[in-house]
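Coordinate analysis (summary)
For reference, the chains in residue letters:
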Amino acid sequence: MATALQSPVFRWFAPPRLAALESTRRARALWRVSWSFFAVIAVLLTALSLATPQLIARRLASIVLVGLLVAVLHFLNRRGRTSLASWIFVLGLTAIVTQRACQTGGVQSSISLFYMMFVLLGAGLLGIRGSVITALACVAS
């Protein structure tokens, strides 16, 4: 009899296992970072939504956008496209934060902390080139 942890849904959300050891290591690093980032964003924005109910729709939209991004990344990551998924992750987060900030009247100083975090994520997942390109995307945003 199959347990709940052996169900196809739980296996799909599990960390990827790829053919090469280095590929598996990179895929698991992206898996940990992306799902952890989504969990933190979901908890923080839910708490902020409860504190300021007039902004609940906007904050829930942000949670959904980040959740969709992470689900697409996970799909690509499981297919062995970890580098592509990492690029989409850091540049997608930059685009989401910029778009959400522009809807509220412009990029404020608090958004720069997110940009700094995305540059560090780019460095960790993609190396120096990833951090430089992410930084350029943040500046262009």
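Residues numbered from 1 in each chain as written. Predicted model: local features only at pLDDT ≥ 70, side-chain atom pairs only at ≥ 80, totals over all residues. Heavy atoms only, no water.

**Examining helix 6 (residues 128–140)**
Over its 13 residues, helix 6 runs 18 Å from end to end, which matches the ideal 18 Å to within 8%, given 1.5 Å per residue. For helix 6, the complete set of buried residues consists of Gly130, Ser131, Thr134 and Cys138. Buried residues along helix 6 cover an arc of 95 degrees about the axis, so they all sit on one side. Opposite its buried face, helix 6 presents the exposed residues Ile128, Arg129, Leu136, Val139 and Ala140, each directed more than 90 degrees away. (Helix = DSSP H or I, 4+ residues; strand = E, 2+ residues; numbered from the N terminus. Expected span 1.5 Å × (residues − 1). Buried < 20%, exposed > 50% of the residue type's maximum accessible area, 1.4 Å probe, protein only. Arc of directions from axis to C-beta.)

**Regarding the pattern of salt bridges**
Summed over all chains, the structure comprises one salt bridge. Its salt-bridge partner being glutamate 22, residue arginine 25 comes within 2.5 Å of it at the nearest N-O pair. Placement of both arginine 25 and glutamate 22 in helix 2 (residues 21–51) is noted, with a separation of three residues, approximately one turn of the helix. Look at glutamate 22 and you get partly exposed, because its relative accessible area is 44%. (Salt bridge = Lys/Arg side-chain N within 4 Å of Asp/Glu carboxyl O.)

**Digging into the confidence of the model for the protein chain**
When pLDDT is averaged along the protein chain, the result is 84; 91% of the residues meet or exceed 70. When mean pLDDT is taken per element in the protein chain, helix 2 scores highest with 90 and helix 1 (residues 8–13) scores lowest with 77. (pLDDT = per-residue confidence, 0-100.)

**Description of the packing of aromatic side chains**
Taken as a whole and assessed by the stated rule, the structure comprises four aromatic pairs. Judged by centre distance (6.1 Å) and plane angle (90 degrees), the rings of phenylalanine 37 and phenylalanine 89 are edge-to-face. Of this pair, phenylalanine 37 sits in helix 2 while phenylalanine 89 sits in helix 4 (residues 82–103), and the two are 52 residues apart along the sequence. For phenylalanine 37, a relative accessible area of 11% puts it in the buried group. The buried category is assigned to phenylalanine 89, whose relative accessible area is 0%. Note on phenylalanine 37 and phenylalanine 118: the rings are 6.2 Å apart at their centroids and 65 degrees apart in plane angle, and the pair reads as edge-to-face. Taken together, the residues span a long stretch of sequence, with phenylalanine 37 in helix 2 and phenylalanine 118 in helix 5 (residues 109–126) at a distance of 81 residues. By the burial criterion, phenylalanine 37 is buried, and phenylalanine 118 matches it. Members of the aromatic cluster, connected to one another through ring pairs, are Phe37, Phe89, Phe114 and Phe118. (Phe/Tyr/Trp six-rings, centres within 6.5 Å; stacked < 30°, edge-to-face > 60°.)

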